[in-house]
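Fold and contact review
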Amino acid sequence: MDFALTDAQEALREAVARICRGFGDEYWLERDRHGGFPSDFHQALARDGWLGICMPAEYGGAGLGLAEAAIMMQAIAESGAGMSGASAVHINIFGLNPVVVFGSDAQKRRMLPPLIAGREKACFAVTEPNAGLDTTHLTTRAEKRGDRYVVNGQKVWISTAQVAGKMLLLARTTPIEQVRKSTQGLSLFYTTLDRSRVEVREIEKMGRKSVDSNQVFFDGLEVPEDDLIGEEGRGFEYILHGLNPERVLIAAEAVGLGFAALARATAYAKERVVFGRPIGQNQAIQHPLAENWMELEAARLMVMNAAWQYDTGRPCGAAANAAKYLAGEAGFKACQQAVMTHGGYGYAKEYHVERFLREVMIPRIAPVSPQLVLCYIAERVLGLPKSY
Amino acid sequence: MKILVPVKRVVDYNVKVRVKSDGTGVETAGVKMSMNPFDEIAVEEAVRLKEKGVATEIVAVSMGVAASAETIRTALAMGADRGILVETDVDLQPLAVAKLLKAIVAKEAPNLIIMGKQAIDDDMSATGQMLAALLGWPQGTFASKVAIEGDGVTVVREVDGGLETVALTLPAIVTTDLRLNEPRYASLPNIMKARKKPIETLKPADLGVDPAPRLTVLTVAEPPKRQAGVKVGSVAELVAKLKTEAKVI
Ligand SMILES: Cc1cc2nc3c(=O)[nH]c(=O)nc-3n(C[C@H](O)[C@H](O)[C@H](O)COP(=O)(O)OP(=O)(O)OC[C@H]3O[C@@H](n4cnc5c(N)ncnc54)[C@H](O)[C@@H]3O)c2cc1C
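Residues numbered from 1 in each chain as written. Chains lettered and ligands numbered in written order. Predicted model: local features only at pLDDT ≥ 70, side-chain atom pairs only at ≥ 80, totals over all residues.

1. Thoughts on the interface of chain B and chain A
Listed as interface residues are 12 residues of chain B and, on the opposing side, 12 residues of chain A. Elements represented by at least two residues in the side of chain B that touches chain A include exactly helix H2 (68-78) and helix H5 (188-194) of chain B. A breakdown of the residues in the side of chain B that touches chain A according to their chemical character gives 7 nonpolar, 2 polar and 3 charged. (Contact = placed C-beta atoms within 7 Å. Helix = DSSP H or I, 4+ residues; strand = E, 2+ residues; numbered from the N terminus. Nonpolar A, V, L, I, M, F, W, Y, C, P; charged D, E, K, R; others polar.)

Here it is as structure tokens:
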């Protein structure tokens with residue numbers, strides 16, 4: 001068993017970190033203050049091919065695995081770009097996995113290269129106000145009319161819908177009363193976000209101001225049948241396929257953000273002198289930071305374990321969910337501790353850690369809540385009765 | 001035109017260097033290593049010459065432990081075409097490196113060698129000059145501008161007090177200074193391609209060179225800690241201290 005990153009993985013982490021160094025703390029502080037999608041950051045990664053890290057080589061990607069993508073996303077968040085940087089590119093990394101796995105060759109040729117090149121941006125539209133985590137009970141309808149589907153309904157929390165030209169959309173094609181199981185009758189589309197038929201309203205939120213999240217209203221959006229991915233009615237199954245990798249990536253982002261916070265806290269603890277000694281000489285300051293390091297490192301190992309399972313074709317549900325939970329919690333604790341370590345200054349924007357704390361709530365909550373991860377582990381790993 | 005670019009694996013410039021407790025050197029175990037920054041500038045300059053159509057092939061050479069292959073990979077990812085690793089665990093001093101490079105030059109017959117003006121580990125700033133002497137080639141050291149014209153190269157050098165321009169006849173050696181260019185980041189497709197580019201591995205003996213150190217390091221020590229300065233309240237106090245304490249005026 002070898003836990004070290006390979007030389008190639010180290011090289012790519014370093015290359016990503018170097019790009020990120022061009023977008024320093026002031027850049028992200030400014031984005032946090034005034035918003036505005038970090039297009040130059042997105043373009044810098046696209047220009048050097050990073051958006052296609054997991055995409056198949058025949059469509060312009062690098063064909064690397066989830067492990068490499070996780071290393072990349074951790075490096076982005078850890079650079080201080082946090083969730084603002086990570087979410088700006090997150091969907092590109094694995095979001096279109098259902099298209100890669102279930103799309104036709106013609107669809108892949110049409111859909112993947114513009115995304116990899118950074119010419120197109122996509123958003124991922126699953127969550128609905130009246131379904132929440134109970135995804136199969138979503139009510140957005142896509143009705144077949146001739147050679148197209150007509151979509152009506154509503155989504156919520158859809159990130160980057162302000163700037164995206166494309167949308168990966170999960171909608172119901174067969175009413176829930178007409179299917180045997182609620183997981184059936186949902187279909188997946190990758191289609192143009194036609195703003196004459198879709199209204200996108202930004203949600204004012206706690207952090208990550210530069211990467212928008214939105215309420216999305218569909219009012220007769222027409223989707224050509226060519227934009228249906230795989231078979232009609234099997235969309236939920238296809239989405240499930242991409243959920244584990246997505247959890248692994250978000251976990252890697254939380255770990256990165258946690259390490260960014262820990263680095264700031266540690267540096268401050270060494271520097272700040274009160275009562276004639278650096279505050280970091282006090283165990284009440286250093287022990288929680290030591291604990292943060294151990295928890296983040298443990299979460300990182302779970303991330304890499306889950307990624308390895310996925311990349312080697314093993315079932316990875318338990319590890320992916322565990323990674324997401326552990327990373328979300330460890331990241332949160334590290335960010336909170338970083339604010340506390342800075343004392344009053346931790347509350348000042350200039351010290352960046354309060355921004356980290358606001359952002360780290362995202363990988364705790366989304367794409368699945370900690371409670372639902374616990375439900376999953378209890379049921380699937382421990383064999384306890386299903387609770388939800 | 002073929003360009004040879006020597007690249008050295010050194011402790012990363014971001015790492016706080018620590019002296020080994022026995023004073024025999026600096027700690028490198030578990031320390032992040034990278035390509036010497038001046039060598040990155042050299043690779044960048046060579047790649048730009050290739051992009052302009054001036055150079056046709058770039059060969060990156062590294063000498064030292066097996067892990068130096070990774071430094072070569074970095075150069076390949078930036079745009080070098082192939083690599084040569086001279087593998088040895090011997091602690092290589094500038095003269096040994098220059099001799100090994102001379103042997104590689106005999107084998108490869110490059111028209112131009114672009115190398116860092118110094119490596120940030122020992123800051124010797126000697127290898128380029130030694131190699132020029134061994135080969136009997138002209139040298140343009142501390143370059144901040146390089147232009148190939150016909151069978152010559154014009155080098156603007158950073159010297160004390162200003163810039164000096166020298167014209168050299170190829171084949172020649174150029175050593176890079178900081179302002180020559182800003183090295184690029186390797187793109188992902190290029191990192192992938194680099195893994196397929198060939199690296200030839202040789203031993204010093206294959207090149208007929210004895211790399212044994214000629215200098216003996218007696219001890220390596222940390223520089224003395226800087227003492228805190230003194231704050232003075234006024235110009236008068238400053239002048240007084242300079243007179244009575246520092247005794248410089
Ligand atoms: C910043 C941000 C960006 C997002 N981006 C996207 C996006 O791009 N695309 C997208 O589709 N979605 C996105 N989401 C949505 C996100 O995935 C959902 O918010 C998340 O899945 C939770 O759903 P919900 O908000 O409806 O919570 P609910 O389902 O309403 O749950 C509320 C709370 O109740 C708990 N709960 C519910 N049921 C149970 C149970 N049976 N047992 C125990 N506890 C339970 C949950 O754990 C949670 O704490 C984003 C969210 C945020 C905050």
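Next comes the rest of the write-up.
2. Points about helix H4 (residues 127-135) of chain B
Residue and element names in this part refer to chain B. Turning to H4, its buried residues are Thr 127, Gly 128, Met 130, Leu 131 and Ala 132. Buried residues along H4 sit against helix H3 (94-108), strand S6 (112-116), strand S7 (139-149) and strand S10 (172-176). Count one or two residues on from H4 and you reach Gly 136, which has phi positive near 70°. (Buried ≥ 20, exposed ≤ 12 C-beta atoms within 10 Å, placed from the backbone.)

3. Observations regarding the UniProt feature "domain: Acyl-CoA dehydrogenase/oxidase N-terminal" (unreviewed entry) in chain A
The UniProt entry lists residues 6-118 of chain A under the feature "domain: Acyl-CoA dehydrogenase/oxidase N-terminal" (unreviewed entry), expressed in the numbering used here. End C-alpha to end C-alpha, residues 6-118 of chain A measures 28 Å, and it is 73% helix and 0% strand. (UniProt positions renumbered as here; feature names shortened; annotations may be inferred.)

4. Structural notes on the UniProt feature "domain: Electron transfer flavoprotein alpha/beta-subunit N-terminal" (unreviewed entry) in chain B
As recorded in UniProt, the sites labelled "domain: Electron transfer flavoprotein alpha/beta-subunit N-terminal" (unreviewed entry) are residues 23-211 of chain B. Between the first and last C-alpha atoms of residues 23-211 of chain B the distance is 23 Å; the span itself is 30% helix and 31% strand.

5. Observations concerning the site of the ligand
Residues and elements named next belong to chain A. The local shell around the ligand holds 21 residues, among which Gly 132, Trp 157, Ser 159, Ser 369 and Tyr 388 are the closest. Counting residues per element, the ones that place at least two in the shell around the ligand are strand S1 (122-125), strand S3 (148-159), helix H10 (353-365) and helix H11 (370-381). Here the residues of the shell around the ligand are counted per class, giving 15 nonpolar, 6 polar and no charged. Residue assignment places the shell around the ligand across two domains, with domain 2 (122-234) and domain 3 (237-381) each supplying three or more. (Near = placed C-beta within 6 Å. Domains from an automatic or database assignment.)

6. Comments concerning helix H1 (residues 37-51) of chain B
All names here are of chain B. Here H1 contains 15 residues, and its C-alpha end-to-end distance of 21 Å stays within 8% of the 21 Å for a straight helix at 1.5 Å per residue. Among the 15 residues that make up H1, 11 are buried, leaving the element largely enclosed by the rest of the structure. Buried within H1 are the following residues: Phe 38, Asp 39, Glu 40, Ile 41, Ala 42, Val 43, Glu 44, Glu 45, Ala 46, Val 47 and Leu 49. (Expected span 1.5 Å × (residues − 1).)

7. What about the nonpolar core?
In terms of nonpolar packing, the biggest core is built from 176 residues, with Ala 69, Ala 70, Val 248, Val 303 and Ala 323 of chain A together with Val 5 and Ala 60 of chain B touching the most fellow members. Here this core takes 18 residues from helix H4 (residues 66-95) of chain A, the largest share from any one element. In this view, Ala 69 of chain A contacts Ile 53, Cys 54, Leu 64, Ile 93, Phe 94 and Leu 249 of chain A; residues no more than four positions away in its chain are not counted. (Core = buried A, V, L, I, M, F, W, Y, C linked by C-beta atoms within 7 Å.)

8. Things to note about the sheet that holds strand S5 (residues 82-87) of chain B
Each strand in a sheet pairs with another by means of backbone hydrogen bonds, the pair being arranged parallel or else antiparallel. Residue and element names in this part refer to chain B. Across the sheet, 9 strands lie side by side as S9-S8-S7-S10-S6-S1-S4-S5-S11; this open sheet has mixed pairing. At either margin of the open sheet sits one strand with a lone partner, and together these are strand S9 (162-169) and strand S11 (199-202). Recorded for the sheet is a direction-independent mean angle of 30° between the axes of neighbouring strands. Looking at chain direction, S7 and strand S8 (residues 152-159) are connected through 6 bridges and run antiparallel. Within S8, the residue paired with Ala 147 across the bridge is Thr 154. Against the sheet, H1 makes contact with strand S1 (2-6), strand S4 (57-64), S6, S7 and S10, and its axis sits at roughly 150° relative to S6, the strand it touches most. Here H2 sits on the sheet in contact with S1, S4, S5 and S11, set at roughly 160° to S4. (Pairing = 2+ DSSP bridges. Axes fitted to C-alpha atoms, helices over the stretch in contact; angles between N-to-C directions.)

9. Things to note about the packing of H3 of chain B against H4 of chain B
All names here are of chain B. One way to put it is that H3 packs onto H4 with a least axis distance of 9 Å and a crossing angle of 50°. By the angle between their axes, H3 is oblique relative to H4. Note that H3 runs across H4; the crossing there is right-handed. Across the interface between the two elements, Pro 94, Leu 95, Val 97, Ala 98, Lys 99, Leu 101, Lys 102 and Val 105 of H3 pack against Thr 127, Met 130, Leu 131, Leu 134 and Leu 135 of H4. In the contact of H3 with H4, the residues fall into 10 nonpolar, 1 polar and 2 charged. (Parallel < 35°, antiparallel > 145°, perpendicular 65-115°, else oblique. Left-handed = near helix turned anticlockwise from the far one by under 90°.)

10. Re the environment of Asn 321 of chain A
Residue and element names in this part refer to chain A. If you trace the backbone, Asn 321 turns up in helix H9 (residues 317-341). Under the C-beta neighbour-count criterion, Asn 321 is labelled buried, with 27 such atoms within 10 Å. Residues in contact with Asn 321, not counting those within four places in the same chain, are Arg 247, Val 373, Tyr 376 and Ile 377.

11. Side note on unusual backbone geometry
Going from Ala 366 of chain A to Pro 367 of chain A, the amide bond is cis rather than trans, its omega being -5°. Within the element layout of this structure, Pro 367 of chain A appears in the loop between H10 and H11. Each neighbour pair has its own omega, and for Leu 170 of chain B with Pro 171 of chain B the value is 0°, a cis peptide bond. Relative to the assigned elements, Pro 171 of chain B resides in the loop between S9 and S10. One non-glycine residue, Ser 125 of chain B, lies in positive phi territory at about 55°. Within the element layout of this structure, Ser 125 of chain B appears in the loop between S6 and H4.

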